[in-house]
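Structural overview
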Amino acid sequence: MTDVEIDETACCGYGNCLVAAPEVFDLHTDTGIAFLRPGRLREADRLAVREAAADCPARAITVRG
Amino acid sequence: MSTVADSTGFGFDPYDPELTEPAVWDRYRAARNLGGTVRALDRDGFWLVTRYDEVRTALRDPATFSSASGHRIPTDGSRRAIPIDFDPPLHTAYRALMAEALSPARVRALRPFLAEVVTRLVDDFAAAGGGDFVSAVALPLPLQVLTELVGFSGETVAQFRALTEELWSRYVDVDPAESHRRLWELMRAELADHRARPRDDFVGSLLHAEIEGRPIREDEQVGILATFAVAGHETTMNAAATLAWLLMEHPEAQAALRADPTRARAFVEEMLRLRSPAQNFARRATCPAQVGGTAVAEGDAVLLSLAAANRDPERFPDPDRFDPDRDARGHLAFGWGIHQCIGAPLARTEFVLLLEELAARPPLRAAGPPAWSSLQGGNHLGLTHLPLRFEEET
């Protein structure tokens, strides 16, 4: 089971995660900080989530499993 | 089809004064149409990379495309800037130190100050009956922000523009050493002043910082401050003036923004995509690599054109059209990955505040012909002169 976490204090609102995995991530419209969209992570999104973590300039995304 | 390997190569000298508005965009388009990755023979030779997918792929792969030889052509590794001309792990340590001054939390805390600076500059501009938007608003904005953000004195930041212009002019000739030396002297004087009169600001924190568990060296402190001094104003100045130019050039978009200032964010992103202020960043291949269909040899320099990639029709349909309603997400104007612009959260906040302030005024109109720079340092495109005025209220 893949587990994703966003460190909201580290996130800088670059939005790279949205580009890599738009089904999983979104940005708060007011703060610009990333959050996980509601719902279970689909198997099909696993690779995209890893890409999002690798692309994050702020290293704010952790992926386990 | 991707390789252009004829004997003449593709003409692209990043320091060519002819590479300016609008010719520079034609040059990028020509390279894209020749397959995207083309061999330039200028300045010791390099690969110019212009397609979105290929530029982004290279940006995401710092192990193959190293920054340690510098981000300018030629990639000779001289006078490396911190942190952009370093690879991990040292890059990571430098960047973390600088990120403290630019975190979203810090930017949020600065927001009232930023809004006040923007309002005052635009007030003064309006009171003067308009004028050159570059010297009256676009340049003073980042300089004033640098005093608050870093702790530079007003006298110090007042010298940044002249020193930076000298720096760029020297790249066209041979040796930028002298202008670097003057910039570094100024940074040393700031450090000395902070040592003599300790203050709770970024320069102050730098005095006692650690890098990888050891005390930071003075040349590192100087390098970090020099990056704030140059990168901290050149890009912001060019982007701020470009925003105003777009308002002037597109009265319908200006009217739409005035009717609904929440459009400012999207307007800013489309400016960054269409007219990326920092256009070209070099890397050097650490091993044989493929860029699209082109074989790049170990040691080859590549010039990743963010500005060209942002006009790749495969990624952004009708790419040369300014469309503030389009989804510009994913543009590469701030770069991508570990070297992505550390000042992006700050810059975005400043630009949105500036647009909101301008949208709250009477319509902004041309008051004379604008003038554009060529690629400064092979990279920065911006307005050198932008005469504007607010329409008189009736």
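Residues numbered from 1 in each chain as written. Chains lettered and ligands numbered in written order. Predicted model: local features only at pLDDT ≥ 70, side-chain atom pairs only at ≥ 80, totals over all residues.

1. Focus on the overall build of chain B
Just so we agree on the cut-off: Where helices and strands are cited, they refer to DSSP runs of H or I of at least four residues and of E of at least two residues respectively, numbered from the N terminus. Each radius of gyration reported is based on C-alpha atoms, and the globular scaling rule is 2.2 Å times the count of residues to the power 0.38. Each residue is classified by how many other C-beta atoms fall within 10 Å of its C-beta atom, where C-beta atoms are placed from the backbone; a count of 20 or more means buried, 12 or fewer means exposed, and values in between mean partly exposed. We call two residues in contact whenever the C-beta atoms placed from their backbones are within 7 Å.
Scanning chain B from N- to C-terminus turns up 15 helices and 14 strands. A compact globule built from 394 residues would reach a C-alpha radius of gyration of about 21 Å, and chain B, at 21 Å, matches this within 12%. For chain B, the spread of C-alpha atoms along the three principal axes comes to 60 × 55 × 35 Å. In chain B, buried positions account for 48% of the 394 residues. For chain B, contacts bridging at least 24 residues in sequence account for 71% of all contacts bridging at least 6.

2. Side note on helix α2 (residues 52-59) of chain B
With 6 of its 8 residues buried, α2 of chain B lies for the most part within the structure. Along α2 of chain B, the positions that sit buried rather than exposed are Tyr52, Glu54, Val55, Arg56, Ala58 and Leu59 of chain B.

3. A closer look at the pairing of strand β7 (residues 280-285) of chain B
Residue and element names in this part refer to chain B. Our working rule: Pairs of strands are assigned from DSSP output, requiring at least two bridges between the strands.
Most of β7 sits inside the fold, with 6 of its 6 residues counted as buried. Note that β7 and strand β10 (residues 301-305) share 5 bridges and pair antiparallel. When the sheet's bridge partners are listed, arginine 284 is paired in β10 with alanine 301.

4. Some words on the sheet that holds strand β1 (residues 37-40) of chain B
Residue and element names in this part refer to chain B. For clarity, the cut-off: Lines fitted to the C-alpha atoms define the axes, with helices restricted to the stretch that makes contact. Angles between their N-to-C directions range from 0 to 180 degrees.
An order of β1-β2-β10-β7-β3 is seen for the 5 strands of this open sheet, with the pairing classed as mixed. The open sheet has two edge strands, β1 and β3 (65-66), and neither has a second partner. Of the strand pairs in this sheet, β3 and β7 are connected by 2 bridges, and their pairing is antiparallel. By the bridge assignment, serine 66 is partnered in β7 with arginine 284. In the packing of α2 onto the sheet, contacts are made with β1, β2 (46-49), β3, β7 and β10, and the angle to β10 comes to roughly 120 degrees.

5. Points about the interface of chain A and chain B
It is common to report an interface's size as the accessible area lost on association of the parts. Applicable threshold: In this classification, the charged set is Asp, Glu, Lys and Arg, the nonpolar set is Ala, Val, Leu, Ile, Met, Phe, Trp, Tyr, Cys and Pro, and all remaining amino acids, among them Gly, are polar.
Taken together, the contact pairs 11 residues of chain A with 10 residues of chain B. Per element, the largest residue contribution to the side of chain A that touches chain B is 3 residues, and it comes from helix α1 (residues 16-20) of chain A. Among the residues forming the side of chain A that touches chain B, the class breakdown is 7 nonpolar, 3 polar and 1 charged.

6. Some thoughts on the sheet that holds strand β4 (residues 131-132) of chain B
Residues and elements named next belong to chain B. Strand order in the open sheet made by the 3 strands is β4-β14-β11, with antiparallel pairing throughout. At either margin of the open sheet sits one strand with a lone partner, and together these are β4 and β11 (364-366). Pairing of β11 with strand β14 (residues 387-390), which is carried by 3 bridges, proceeds in the antiparallel orientation. The residue bridging arginine 365 from the neighbouring strand is arginine 389, located in β14. Each of β11 and β14 is contacted by helix α11 (residues 218-249), which is oriented at about 85 degrees to β11, the strand it contacts most.

7. Quick word on the environment of isoleucine 216 of chain B
All names here are of chain B. Within the secondary structure, isoleucine 216 sits in the loop between β6 (214-215) and α11. By the C-beta count within 10 Å, which is 19 here, isoleucine 216 ends up partly exposed. Separated by 10 residues in the primary sequence, isoleucine 216 and leucine 206 place their C-alpha atoms 8.0 Å from one another. For isoleucine 216, the residues in contact, after removing those within four places along its chain, are Leu206, Ala209, Glu210, Ile211 and Gln221.

8. Describing helix α4 (residues 104-127) of chain B
All names here are of chain B. To keep it simple, the criterion reads: By this rule the span expected of a helix is its residue count minus one, scaled by 1.5 Å. A residue's bend is given by the angle between axes fitted to the 7 residues ending at it and the 7 residues starting at it.
Compared with an ideal rise of 1.5 Å per residue, which puts 24 residues at 34 Å, α4 spans 33 Å between its outermost C-alpha atoms and is within 8% of the ideal. The axis of α4 is deflected most strongly, by about 50 degrees, at leucine 110, and proline proline 112 appears within four residues downstream. Buried residues along α4 sit in contact with β4, α5 (133-138), α6 (140-150) and α15 (344-359). Phi turns positive one or two residues past the end of α4, at glycine 129, with a value near 75 degrees.

9. So, the confidence of the model for chain A
What counts is decided by this rule: The quantity known as pLDDT measures the predictor's confidence residue by residue, on a range of 0 to 100.
Confidence in the prediction for chain A averages 89 pLDDT; 98% of positions are at 70 or higher. Ranking the helices and strands of chain A by mean pLDDT puts strand β3 (residues 34-36) of chain A first, with 95, and α1 of chain A last, with 91.

10. As for the confidence of the model for chain B
Residue and element names in this part refer to chain B. Here chain B averages 94 in pLDDT, while 96% of its residues score no lower than 70. Contacts of residues 1-5 to residues separated by more than four positions or lying in other chains number 17 contacts, the stretch itself having pLDDT below 50. As a predicted assembly, this complex carries a pTM of 0.93 together with an ipTM value of 0.81.

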